[in-house]
Amino acid sequence: MSSYSWFIGCGLGFVVLVALERRHPQIPVLDPSDPGVNLGDEDEQASVASARTAG
């Protein structure tokens, strides 16, 4: 059991992070239409757009 304590600790830490992030978000989600957001070059923008329509 003691050899897996780091794994259990990481799992519990992730669960706490997810729970706290749902209650009070700290990680920003940027709006791509905002003029200050850099989406990269045209190839990257096309791949992002196609991934959004596919998912």
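Residues numbered from 1 in each chain as written. Predicted model: local features only at pLDDT ≥ 70, side-chain atom pairs only at ≥ 80, totals over all residues. Heavy atoms only, no water.

J.: Mind showing me how you'd approach the overall build of the protein here?
T.: Per the secondary structure count, the protein includes 2 helices and 0 strands. Summed over all atoms, the accessible surface of the protein reaches about 5,200 Å², with 64% contributed by carbon and sulfur. (Helix = DSSP H or I, 4+ residues; strand = E, 2+ residues; numbered from the N terminus. Areas by Shrake-Rupley, 256 points an atom, 1.4 Å probe, with all protein chains shown as cover.)

J.: For this particular structure, what's the right way to read a nonpolar patch on the surface?
T.: On the surface, Tyr-4, Trp-6, Phe-7, Ile-8 and Leu-12 cluster together into a nonpolar patch covering about 610 Å² of accessible area. Considering the arrangement of structural elements, one finds Tyr-4 in the segment before helix H1 (5-23). On the basis of relative accessibility, which here comes to 53%, the residue Tyr-4 falls in the exposed class. (Patch = residues over 30% accessible without salt bridge, like charges linked within 9 Å, V, L, I, M, F, W, Y side chains within 5 Å. Salt bridge = Lys/Arg side-chain N within 4 Å of Asp/Glu carboxyl O. Buried < 20%, exposed > 50% of the residue type's maximum accessible area, 1.4 Å probe, protein only.)

J.: Sorry, what's going on with the side chain of Glu-21 here?
T.: Looking at where Glu-21 falls in the secondary structure, it is placed in helix H1. Salt bridges are absent for the buried Glu-21, whose nearest opposite-charge side chain, Arg-22, sits at 9.4 Å. Each residue touching Glu-21, except ones within four places of it in the same chain, is listed here: Gln-26 and Ile-27. (Lys, Arg positive; Asp, Glu negative; His and termini not counted. Contact = heavy atoms within 4.5 Å.)

J.: Teacher, can you tell me more about the packing of aromatic side chains here?
T.: Aromatic ring pairs are defined here through the distance separating the ring centres and the angle between the ring planes. Applying the stated criterion across every chain yields a total of 1 aromatic pair. Between Trp-6 and Phe-7, the ring centres sit 5.8 Å apart and the planes meet at 80°, which makes this aromatic pair edge-to-face. By the burial criterion, Trp-6 is exposed, and Phe-7 matches it. (Phe/Tyr/Trp six-rings, centres within 6.5 Å; stacked < 30°, edge-to-face > 60°.)

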